[in-house]
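Listed below, chain by chain, are the residues.
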Amino acid sequence: MNVGIIGSGSVGQALTAGFVRHGHAVMVASRDTAKLEQWRESIGSGYRTGDIAETAAFGELLVLAVKGSAAEEALDLATPGSLAGKTILDATNPIADSPPTNGVLHFFTSLEESLMERLQRRFSDANFVKAFSCVGAHLMVNPALESMPSMFICGNDDAAKAEAREILAQFGWDVEDMGAAEAARAIEPLCILWCIPGFLGQRWVHAFKLLKA
Ligand SMILES: NC(=O)c1ccc[n+]([C@@H]2O[C@H](COP(=O)([O-])OP(=O)(O)OC[C@H]3O[C@@H](n4cnc5c(N)ncnc54)[C@H](OP(=O)(O)O)[C@@H]3O)[C@@H](O)[C@H]2O)c1
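The structure presented is a predicted model; accordingly, all values stated were derived computationally and were not measured.

Attention now moves to the site of the ligand. The immediate surroundings of the ligand are formed by 25 residues, with Ser8, Val11, Ser30, Arg31 and Val66 found nearest. One nitrogen or oxygen atom from the side chain of arginine 31 is found 2.7 Å from an oxygen atom belonging to the ligand. When the ligand sits alone it has 880 Å² of accessible area, and the protein chains cover 77% of it. Listing elements by their share of the shell around the ligand, those giving two or more residues are helix 1 (10-21) and helix 5 (71-76).

Below, the structure is given as structure tokens:
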């Protein structure tokens, strides 16, 4: 499948490597594509680069991995119509610029409105699925943990969630579907919880698991 990855930070890099490794054709976007060339040393040559418009047009499946506060601005750079009907795996978190308090990140959203709901409303012809947001970039692809971790997803379109489920299974995750877009109000803050052991104790290698009877 052609996968367009919008985002060039540590998430963009980890997921580019993961999709390439799992045999997908990948284009990754940055406003400065020159910096993406440096990844070839670690990832190899199996991906192409482009601007956001080119990458959005290229991807049959898209991944959004930009700074949360820039997410709307980034998607505005896609050519109108190029997001229509596409699944967008949304890894973003609405992290505010102010520093954490006692290891607790600040968000610019509230518990009554998540970033993904905003994006879904604004880019209503795309099908957003929250995914990858509750774990560090270095663990997103086939993490070596004591058991298979849970990835919490949500979104309004069942076919898009089925696509996400397939990718996440490839990437070593047990998928927990939390329902429609509103569930992102609960999923996005898991990032705050995930980061606390890191900020307080430099512990960054863990993931969530939903235990069931
Ligand atoms: N880091 C993690 O471990 C982790 C884990 C889970 C979720 N997340 C979430 O995933 C997202 C990406 O995180 P990250 O750490 O990889 O990177 P980041 O530092 O949060 O963001 C870097 C990306 O944001 C883009 N960006 C910044 N301002 C922009 C603007 N005004 N217009 C368009 N694009 C803009 C940059 O584009 P250019 O290349 O053009 O500069 C770059 O692709 C964030 O929302 C983060 O909260 C991160």
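After presenting the structure, the write-up continues.
With that out of the way, let us pick up the pattern of salt bridges. Evaluation of the coordinates by the stated rule reveals 13 salt bridges. A salt bridge links lysine 130 to aspartate 90, with the nearest nitrogen and oxygen atoms 2.8 Å apart. Taken as a pair, lysine 130 in strand 6 (residues 127-130) and aspartate 90 in strand 5 (residues 87-90) lie far apart in primary sequence, 40 residues in all. Note on accessibility: lysine 130 and aspartate 90 belong to one class, buried. Linked by salt bridges that have partners in common, Glu72, Asp76 and Arg122 make up one network.

This brings us to unusual backbone geometry. The phi dihedral of phenylalanine 132 falls on the positive side, at around 70°, and the residue is not glycine. Counting through the fold element by element, phenylalanine 132 comes out in the loop between strand 6 and strand 7 (150-153). The phi torsion at asparagine 142 lies on the positive side, around 45°, for a residue other than glycine. Considering the arrangement of structural elements, one finds asparagine 142 in the loop between strand 6 and strand 7. The exposure class assigned to asparagine 142 is partly exposed, which follows from its relative accessible area of 34%.

A word on the nonpolar core. Among the nonpolar cores identified, the biggest contains 69 residues, and Leu15, Phe19, Leu64, Leu83, Leu89, Phe128 and Phe132 are the most heavily contacted of them. For leucine 15, the residues in contact, after removing those within four places along its chain, are Ile5, Val63, Phe132, Met140, Val141 and Phe171.

In this fold, glutamate 188 is placed in the loop between helix 8 (184-187) and helix 9 (190-201). For glutamate 188, the side chain forms a polar contact with the main-chain nitrogen of leucine 115, separated by 2.9 Å. Excluding its chain neighbours within four sequence positions, the residues that come into contact with glutamate 188 are Asp90, Thr92, Asn93, Pro94, Phe107, Ser114, Leu115, Met116 and Lys130.

The rules we used
- Residues numbered from 1 in each chain as written.
- Predicted model: local features only at pLDDT ≥ 70, side-chain atom pairs only at ≥ 80, totals over all residues.
- Heavy atoms only, no water.
- Near = heavy atom within 4 Å.
- Polar contact = N/O pair within 3.5 Å; in protein donor to acceptor, adjacent residues only side chain to side chain.
- Areas by Shrake-Rupley, 256 points an atom, 1.4 Å probe, with all protein chains shown as cover.
- Helix = DSSP H or I, 4+ residues; strand = E, 2+ residues; numbered from the N terminus.
- Salt bridge = Lys/Arg side-chain N within 4 Å of Asp/Glu carboxyl O.
- Buried < 20%, exposed > 50% of the residue type's maximum accessible area, 1.4 Å probe, protein only.
- Core = buried A, V, L, I, M, F, W, Y, C linked by side-chain atoms within 4.5 Å.
- Contact = heavy atoms within 4.5 Å.

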